[in-house]
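Below, each chain spelled out in residue letters.
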Amino acid sequence: MIRAKGIAAMSAKSELAPFSFERRNPKEHDVVIDIKYCGICHSDIHQVKSEWGASIYPMVPGHEIAGIVRDVGSKVSKYKVGDPVGVGCFVDSCRTCSSCKQDLDQYCLEGHTGTYNAYERDGKTPTYGGYSDVIVVDENYVLRIPNGVPLDKAAPLLCAGVTLYSPLTHWKAGPGKKVAIMGLGGLGHMGVKIARALGADVTVLSHSNKKREDALKMGAHHFVSTDNKEVFKKYAGNFDLIINTVSAEINMGDYFGLLKLDGTLVVVGVPDRPLSIHPFPLIMMRRSYAGSVIGSIKETQEMLDFCAKHNITPEIEVISPNQVNVAYERVLKSDVRYRFVIDMTKI
Ligand SMILES: [Zn+2]
Ligand SMILES: [Zn+2]
């Protein structure tokens with residue numbers, strides 16, 4: 001076995017603390033990765049606190065992983081020692097269902113294998129994530145980080161980046177399309193940069209004016225502060241596509257009114273409570289309410305290559321592993337611009 005050092009939560013109530021564990025020796029198709037950086041995703045906090053159903057402990061969170069290949073199994077053909085690589089939100093899937101066969105493995109009908117807080121396909125070996133110094137992953141679930149993309153900035157692309165890239169490309173954000181991004185946080189700021197690079201006309205809808213300057217600097221064409229309710233009249237019927245990255249409770253009816261005929265509002269943020277919507281704003285303009293989760297392995301690679309080509313990287317604050325508990329507090333207060341990344345070489 002391979003000795004690993006990480007930080008883990010031992011229960012829903014405990015803080016993250018140093019933790020030693022083992023990774024499997026590489027099987028034929030496995031890649032052993034020295035983890036250099038791991039992003040902090042808001043979903044890490046939900047899972048550490050067991051807010052999305054019963055979590056598995058000890059839990060080593062982290063699914064925005066960037067590192068360097070240390071070793072490869074005997075039949076690995078895609079990667080070699082020294083390659084810069086990434087691992088995102090899942091490390092396996094059934095590989096045989098209709099979703100997997102269509103390169104939509106994030107929607108595996110048997111459920112994909114989460115990078116942490118999950119069990120391997122054997123149903124009993126827990127998976128441990130990227131808040132650690134090494135990980136072993138099948139080559140088919142490893143991503144290539146393009147040359148020139150720094151590893152610390154590559155990390156958040158593996159979840160936040162693809163979570164926005166997937167719906168933006170699926171609903172065809174591009175030239176001639178008006179796209180609004182609700183919320184300018186870890187997810188939203190990636191949405192602005194990617195939608196802009198895709199050629200769309202980009203608007204940020206934010207609950208205050210605080211992030212106006214940042215949004216425009218990131219490439220948004222327009223910034224609308226929704227604390228003035230008049231804007232819902234002014235921008236009525238304006239957008240082809242709205243992506244909701246906000247996890248707070250909001251009046252959804254207001255936002256559906258901003259969509260054009262046949263427009264779509266896609267939810268990617270997960271609020272604590274159900275969002276209610278009266279059918280009128282939907283039926284009157286044939287609008288759609290849709291959802292999207294992360295992206296496939298194929299799409300994640302496409303997104304990494306797209307971001308490299310267009311020079312898109314997240315705004316990050318790099319921290320040491322011993323600062324993670326403080327970072328969690330700050331994420332909960334939205335006090336981060338815009339993604340924390342842990343330097344795992346300091347573990
Ligand atoms: Zn995530
Ligand atoms: Zn499947």
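Structure first, text after, so check above.
What you are looking at is a predicted structure, and each value in this text was computed from that prediction instead of being measured.

Trainee: I tried to follow the coordination of the zinc ion (ligand 2) on my own but got confused; where do I start?
Mentor: Perfect tetrahedral coordination of a metal by four donors corresponds to 109.5 degrees between them, and perfect octahedral coordination by six donors corresponds to 90 or 180 degrees. Note on the zinc ion (ligand 2): its protein donors are Cys94 (SG), Cys97 (SG), Cys100 (SG) and Cys108 (SG). The metal-donor distances range over 2.3 to 2.4 Å. Coordination at the zinc ion (ligand 2) comes from four donor atoms whose angles at the metal span 103 to 120°, giving a geometry best classed as tetrahedral. Under the relative-accessibility criterion, Cys97 is labelled buried at 10%.

Trainee: Would you explain the nonpolar core in this entry?
Mentor: Soluble globular proteins tend to bury their nonpolar side chains together. With 85 residues, the main nonpolar core has Ile40, Tyr131, Leu168, Ile194 and Val324 as its most contacted residues. For Val324, the contacting residues outside a window of four places in its chain are Ile7, Leu16, Ile40, Tyr131, Ile319 and Ile342. Of all hydrophobic cores here, the second largest spans 16 residues; its members include Val224, Ile242, Tyr255 and Phe256.

Trainee: Sorry if this is basic, but what is going on with the packing of aromatic side chains here?
Mentor: Scanning the model with the defined rule gives seven aromatic pairs in all. Site record: aromatic cluster; members linked through ring pairs are Phe19, Phe21 and Tyr128.

Trainee: Which parts of the structure should I look at to understand the packing of helix α4 (residues 160-170) against helix α10 (residues 297-309)?
Mentor: How two helices pack is summed up by the angle between their axes together with the distance between the axes. Between α4 and α10, the shortest axis-to-axis distance is 10 Å and the interhelical angle comes to 100°. Overall, the two elements α4 and α10 adopt an arrangement that is roughly perpendicular. Of the residues in α10, those in contact with Gly161, Val162, Tyr165, Ser166 and Thr169 of α4 are Glu299, Thr300, Glu302, Met303 and Phe306. Each residue belonging to the contact of α4 with α10 can be placed in one class, and the counts come to four nonpolar, four polar and two charged.

Trainee: Would you mind going over helix α11 (residues 324-332) with me for this structure?
Mentor: It helps to recall that an α-helix has 3.6 residues per turn; residues three or four apart then point in one direction. Of the residues making up α11, those classed as buried are Val324, Asn325, Ala327, Tyr328 and Val331. The buried residues of α11 occupy one face: seen down the axis, they fall within an arc of 155°. Directly after α11, the chain includes Ser334, whose backbone phi takes a positive value near 55°.

Trainee: Please clarify how α10 should be interpreted in this entry.
Mentor: Between its terminal C-alpha atoms α10 stretches 18 Å, which fits the 18 Å expected from 13 residues at 1.5 Å a residue. Along α10, the positions that sit buried rather than exposed are Ile297, Glu299, Thr300, Gln301, Met303, Leu304, Phe306 and Cys307.

Trainee: Is there a simple way to explain the coordination of the zinc ion (ligand 1) in this structure?
Mentor: All of the protein donors around the zinc ion (ligand 1) are Cys41 (SG), His63 (NE2) and Cys159 (SG); their distances to the metal are 2.0 to 2.2 Å. Between consecutive donors of the zinc ion (ligand 1), the numbers of intervening residues give the motif C-x21-H-x95-C. Separated by 118 residues along the polypeptide, Cys41 in the loop between β3 (30-39) and α1 (42-48) and Cys159 in the loop between α3 (151-154) and α4 bring together distant segments of the chain. In terms of burial, Cys41 and Cys159 fall into one category: buried.

Trainee: How should I be thinking about the side chain of Gln106 in this particular structure?
Mentor: Relative to the helices and strands, Gln106 is located in the loop between α2 (98-101) and β7 (113-114). Setting aside residues no more than four positions away along its own chain, Gln106 makes contact with Phe90, His112, Ser166, Val293, Ile294, Gly295, Ser296 and Glu299.

Trainee: What is the right way to look at the environment of Tyr57 in this model?
Mentor: The residue Tyr57 is located in the loop between α1 and β4 (65-72) in this model. Not counting residues up to four positions away in its chain, the partners in contact with Tyr57 are Ala9, Met10, Ser11, Ala12, Gln47, Val48, Lys49 and Ser50. At a separation of 3.4 Å, a polar atom in the side chain of Tyr57 contacts the main-chain amide nitrogen of Ala12. Of the polar contacts made by the side chain of Tyr57, one reaches the backbone oxygen of Val48; its length is 2.8 Å.

Trainee: Would you mind going over unusual backbone geometry with me for this structure?
Mentor: Negative phi values dominate among residues other than glycine, just as trans dominates among peptide bonds. For the bond from Tyr57 to Pro58, the omega torsion is -5°, close enough to zero to count as cis. In this structure, Pro58 sits in the loop between α1 and β4. Residue Tyr338 follows Arg337 across a cis peptide bond; omega there is -5°. Position of Tyr338 among the secondary structure elements: in the loop between α11 and β17 (339-343). Even without being a glycine, Arg286 presents a positive backbone phi close to 45°. Structurally, the position occupied by Arg286 is in the loop between α9 (280-283) and β15 (288-291).

Cut-offs used in this document
- Residues numbered from 1 in each chain as written.
- Chains lettered and ligands numbered in written order.
- Predicted model: local features only at pLDDT ≥ 70, side-chain atom pairs only at ≥ 80, totals over all residues.
- Heavy atoms only, no water.
- Donors = N, O, S within 2.8 Å, 3.2 Å for Na, K, Ca; no water.
- Tetrahedral: all angles 85-135°; square planar, octahedral: opposite > 155°, others 65-115°.
- Buried < 20%, exposed > 50% of the residue type's maximum accessible area, 1.4 Å probe, protein only.
- Core = buried A, V, L, I, M, F, W, Y, C linked by side-chain atoms within 4.5 Å.
- Contact = heavy atoms within 4.5 Å.
- Phe/Tyr/Trp six-rings, centres within 6.5 Å; stacked < 30°, edge-to-face > 60°.
- Axes fitted to C-alpha atoms, helices over the stretch in contact; angles between N-to-C directions.
- Helix = DSSP H or I, 4+ residues; strand = E, 2+ residues; numbered from the N terminus.
- Parallel < 35°, antiparallel > 145°, perpendicular 65-115°, else oblique.
- Nonpolar A, V, L, I, M, F, W, Y, C, P; charged D, E, K, R; others polar.
- Arc of directions from axis to C-beta.
- Expected span 1.5 Å × (residues − 1).
- Polar contact = N/O pair within 3.5 Å; in protein donor to acceptor, adjacent residues only side chain to side chain.

Such coordinate-based values are descriptive only and should not be taken to indicate function.
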